[in-house]
Amino acid sequence: MSKRKFPENFLWGGALAAHQVEGGWNEGGKGISVADVMSAGEHGKARQITDGVQDGIYYPNHEAVDFYHRYKEDLQFFKEMGFTCLRTSIAWTRIFPLGDEEEPNEEGLQFYDTFFDECLKLGIEPVITLSHFEMPYHLVKTYGGFRNRKCIDFFVRFAEVCFKRYKDKVTYWMTFNEINNQTNFTTDFAPFTNSGIVYKEGENREEIMYQAAHYELVASAKVVKLAREIKDDFQIGCMIAMCPIYPYFCKPKDMMMATKAMQKRLYFTDVHVFGKYPRNIIQYWKRKNFTIDFTEEDAKDLLEGCVDYIGFSYYMSFATAYQEGNTYYDYDEDSMLVKNPYVKARKWGWQIDPVGLRYSLNYLQDHYRIPLFIVENGYGEYDEVVDGKIHDDYRIEYLDKHLEQLSIAIEEDGIDVIGYTSWGPIDIVSAGTGEMRKRYGFIYVDKHDDGTGSLKRLRKDSFYWYQKVISNNYVES
Ligand code: P53
């Protein structure tokens, strides 16, 4: 048994997103967000995106787990586990209900003021995502979401209001959550949640995705620059979904395919960190004849707004294989991923690969050489309540194995990691499926997929396990 200590001042906590936890979807002057028009789905059945909020449809995010009214109680649980930080997002629609107003909604601003005060009182540092799949729906309907350059200004205005208002309460920020999910542009979910894009028949989905992502990258850079003007010790990060893509075999063409696939998922990080696109993406646009609205001023903004750290999620690894005839190794995420025979998959198809976390940390450090922050990692699973207890040893095992790899990466590979926030420390609505039963929490919430439940909170076995990890500041392996 060896005990690997985590660094002093390592930030320990959990991660949430406003739309998945808060509820109160139409309270306090809040406007409708993209999450408010998504129905519930399940594995293999996509969430439906409806045209506005419609009668007779169940929208799981409308109430979520009622954190909006219960956060004081929930913060006590986090405190009890020993959290030193909590990642969540500011719902854009609480601050700008429509997204294009000149003035913010004071009631929304006050909500986060009292929320942050409560966190700080408990010694929990808020780590804040500005845009986590909850763009104002009005911006989708009126402007077409981030396919429209105007959204850059709306986002910058929102960020500016947040920075100025909360500058003495929040130090760590991230701009766009998992900005690279939209690499999967053939399904409707990622373009809508990332960019507020609803495709029309016959459109070139990929070209539109690159355009929207470009506007987001410019918006992010402008916000980073602005943040520094407001307070120079702000730490502003990007946020990417790190799903490393392995070659299926050590066949040279599989290796090349995996490399090209990684470039498509990770160029976003290059732009965030270096302020420049990698040449492979520019060449790809040329070959595909994509015309991207990319001005000289954009290039300047990108260079002036490089991030301080990389926030990333890690749940699983992917694998891909070269397919005969794919001369250019073009990557289609929806059809080109293969099952990895060396790792187990969960019920929702997510492959469990703790070593992949160490690989990801090394990959990101090798390429970018700035501090890393694991802002999501976790195990979504059905939980059973027996006599008021939840024995979630499967969750403990998953997290323990990942933390072991993290501790090895810090000690043996010298990776600079700011902290670790596990996903969904309290059960919340799944982003991908809208389900409640895909639970990640250390704290169980009595809420079900048909919307019923008392919303009562219960500590799971993993609660006590995580509490011990944090107080020891090590994992045993
Ligand atoms: P759910 C896909 C791949 C990796 C992470 O996901 C992803 C997704 C989208 O489903 O999302 C992140 O709830 C995201 C969170 C989300 C979490 O992972 O589908 O940042 O909002 O809840 C887990 O199981």
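Our subject in this report is the structure included herewith. (Residues numbered from 1 in each chain as written. Predicted model: local features only at pLDDT ≥ 70, side-chain atom pairs only at ≥ 80, totals over all residues. Heavy atoms only, no water.)

Side note on the overall build of the protein
- Check the secondary structure of the protein and you find 14 helices and 16 strands.
- By the compact-globule yardstick of 23 Å for 477 residues, the protein fits well, its C-alpha radius of gyration being 21 Å.
- Counting only C-alpha atoms and orienting by the principal axes, one finds that the protein spans roughly 60 × 55 × 50 Å.
- Expressed as a percentage of the 477 residues in the protein, the buried residues total 62%.
- Sequence-distant contacts, at least 24 apart, represent 76% of the contacts inside the protein between residues at least 6 apart.
- Counting only carbon and sulfur atoms, one obtains 50% of the accessible surface of the protein, whose full area is about 18700 Å².
- Each charge class in the protein can be summarised by its mean position, and for the 56 positive and 73 negative side chains these summaries are 2 Å apart. (Helix = DSSP H or I, 4+ residues; strand = E, 2+ residues; numbered from the N terminus. Rg over C-alpha atoms; globule rule 2.2 N^0.38 Å. Buried < 20%, exposed > 50% of the residue type's maximum accessible area, 1.4 Å probe, protein only. Contact = heavy atoms within 4.5 Å. Areas by Shrake-Rupley, 256 points an atom, 1.4 Å probe, with all protein chains shown as cover. Lys, Arg positive; Asp, Glu negative; His and termini not counted. Charge placed at Lys NZ, Arg CZ, Asp CG, Glu CD.)

Section: the side chain of K438
- Positionally, K438 belongs in the loop between strand 13 (417–423) and strand 14 (443–445).
- In this structure K438 is buried but unpaired, with E435 as the nearest side chain of opposite charge at 6.5 Å.
- In contact with K438, not counting residues within four places along its chain, are W348, W350, G380, E381, I428 and S430. (Salt bridge = Lys/Arg side-chain N within 4 Å of Asp/Glu carboxyl O.)

Considering the pairing of strand 13
- Counting buried positions along strand 13 gives 7 out of 7 residues, so the element sits mostly inside the fold.
- Taken together, the 5 bridges between strand 2 (residues 11–15) and strand 13 define a ladder with parallel strand orientation. Counterpart to A15 in the pairing with strand 13 is W423.
- Across 2 bridges, the pairing between strand 12 (residues 372–376) and strand 13 is parallel. Bridge pairing links I374 to Y420 in strand 13.
- Taken together, strand 12, helix 13 (residues 393–413) and strand 13 constitute a β-α-β crossover, and its handedness is right-handed. (Pairing = 2+ DSSP bridges. Right-handed = clockwise from strand over helix to strand, strands pointing away.)

Examining helix 8 (residues 205–230)
- For helix 8, built from 26 residues, the straight-helix expectation of 38 Å at 1.5 Å per residue is met to within 8% by its first-to-last C-alpha distance of 37 Å.
- Across the 26 residues of helix 8, 21 count as buried, placing the element largely inside the fold.
- Where helix 8 starts, the residue carrying a side-chain oxygen 3.2 Å from the main-chain nitrogen of E206 turns out to be N204. (Expected span 1.5 Å × (residues − 1). Polar contact = N/O pair within 3.5 Å; in protein donor to acceptor, adjacent residues only side chain to side chain.)

Overview of the pattern of salt bridges
- Enumeration according to the criterion identifies 42 salt bridges in this entry.
- Across the pair D74 and R457 runs a salt bridge, and its minimum N-O distance is 2.8 Å. Within this pair, whereas D74 is found in helix 2 (residues 67–81), its partner R457 is found in strand 15 (residues 457–459), the two being separated by 383 residues in sequence. Grouping residues by exposure puts D74 and R457 together as buried.
- A salt bridge links K288 to D330; the nearest nitrogen and oxygen atoms lie 3.7 Å apart. Of this pair, K288 sits in helix 10 (residues 279–288) while D330 sits in the loop between strand 9 (318–320) and strand 10 (344–345); the two residues are 42 residues apart in sequence, bridging distant segments of the chain.
- The buried category is assigned to D330, whose relative accessible area is 17%.
- Through salt bridges with shared partners, one network takes in D383, D392, R395, D427, R439 and K460.

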